[in-house]
Amino acid sequence: LPTRPLAGRHVLVTAGPTHEPIDPVRYIANRSSGRQGFAIAGALARLGARVTLVAGPVDLPTPVGVTRVDVETGGQMAEAVDTALPADVAVMVAAVADWRVDPAAQKIKKGAGEPALRLLPNPDILAGLAAGPRRPRLLIGFAAETERVVEHATAKRVRKGVDWIVANDVSGDVMGGGANTVHILTADGVEDWPRLPKDEVAARLAQRIAEALT
Ligand code: C5P
């Protein structure tokens, strides 16, 4: 096999959480360190891909050889993904907040009663990409599940119209930790991977992607 099998390919990766502001000092967010997504972006670059990494707010160095676009909100992430297209492959690892808030212009003051937060749906970036005219040839979603992991992720693969789902069991200490237990769901079935360091999950996934494109 060539050492840079993804040379000439553009791969889009999303990673990290999104922050949805409530007012100038507060936000709602999903729990995500960004480590798995950053590791995947780095592994893809090492196989020769041109990688665009759209990153939510995380405290991580940019992997070598990766072009990084920083965003804060889900809406900004959707825009940055659109701007980065076309791509041969997209790996959507970000934990996008499902809801956003119409933020208050000034800091909400305590003592003025219990503020009501109206939650507005964020765009589903992955589903939009799957249904859109510039769908990458290989579209990969992630599914963080706490129970019946494979069953829920299988349903998600079909519902969102993606090629592969990387399902991870987040019932343990995955968040922010160094290891991950994943299942790879494709049209052909399920592959159960052992608990591995996130860098190793990334390297194996990048290799699988390279094989799928050749
Ligand atoms: O529906 P759920 O959030 O569990 O789906 C997870 C997958 O969808 C991940 O690949 C995630 O990056 C993607 N997603 C997205 N935009 C959203 C919500 C999820 O791209 N608003």
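In case you missed it, the structure is sitting above this.
Only a predicted model underlies this, so the values are computations on that prediction, with no experimental measurement involved.

Rules used in this analysis
Residues numbered from 1 in each chain as written. Predicted model: local features only at pLDDT ≥ 70, side-chain atom pairs only at ≥ 80, totals over all residues. Heavy atoms only, no water. Helix = DSSP H or I, 4+ residues; strand = E, 2+ residues; numbered from the N terminus. Core = buried A, V, L, I, M, F, W, Y, C linked by side-chain atoms within 4.5 Å. Buried < 20%, exposed > 50% of the residue type's maximum accessible area, 1.4 Å probe, protein only. Contact = heavy atoms within 4.5 Å. Expected span 1.5 Å × (residues − 1). Arc of directions from axis to C-beta. Phe/Tyr/Trp six-rings, centres within 6.5 Å; stacked < 30°, edge-to-face > 60°. Lys NZ or Arg CZ within 6 Å of the ring centre and 35° of its normal.

Asker: So what's going on with unusual backbone geometry? Residues and values would help.
Answerer: Along the chain, leucine 85 connects to proline 86 via a cis peptide bond; the corresponding omega equals 5°. Mapped onto the fold, proline 86 is located in the loop between α2 (74-84) and β6 (89-92). Non-glycine residue arginine 148 carries a positive phi angle of around 40°. Its location among the elements puts arginine 148 in the loop between β9 (138-145) and α4 (149-160).

Asker: Quick one: what's the story with the nonpolar core, residue by residue and with numbers?
Answerer: With 37 residues, the main nonpolar core has Val13, Leu44, Val91, Leu205 and Ile209 as its most contacted residues. Secondary-structure elements contributing two or more residues to this core are β1 (10-15), α1 (35-46), β4 (50-55), β6, β9, β10 (164-169), β12 (182-186) and α5 (198-213). Among residues more than four places away in sequence, those in contact with valine 13 are Gly37, Ala41, Leu44, Val51, Thr52, Leu53, Val54, Val91 and Val93. Counting residues in each nonpolar core, the second largest holds 25 residues, with Val81, Met92, Leu139 and Val149 among its members.

Asker: So what's going on with α4? Which residues, and what values?
Answerer: With 12 residues, α4 should cover 16 Å at 1.5 Å per step; its first-to-last C-alpha distance of 16 Å lies within 8% of that length. Among all positions of α4, only Val149, Ala153, Lys156, Arg157 and Lys160 are buried. When α4 is viewed along its axis, its buried side chains cluster within an angular range of 105° and face the same direction. When the buried face of α4 is taken as reference, the exposed residues oriented beyond 90 degrees from it are Val158 and Arg159. Tucked inside the fold, the buried residues of α4 contact α3 (125-131), β9, β10 and β12. Just beyond α4, the residue with positive phi is glycine 161, at close to 70°.

Asker: How would you summarise the packing of aromatic side chains if you had to cite specific residues and measurements?
Answerer: Applying the stated criterion across every chain yields a total of zero aromatic pairs. Across the ring face of tryptophan 193, the terminal group of arginine 204 is positioned such that the distance to the ring centre comes to 5.9 Å. A cation over a ring is seen here: arginine 208 above tryptophan 164, with NZ or CZ 5.0 Å from the ring centre.

Interpretation in functional terms is not warranted from these geometric data alone.
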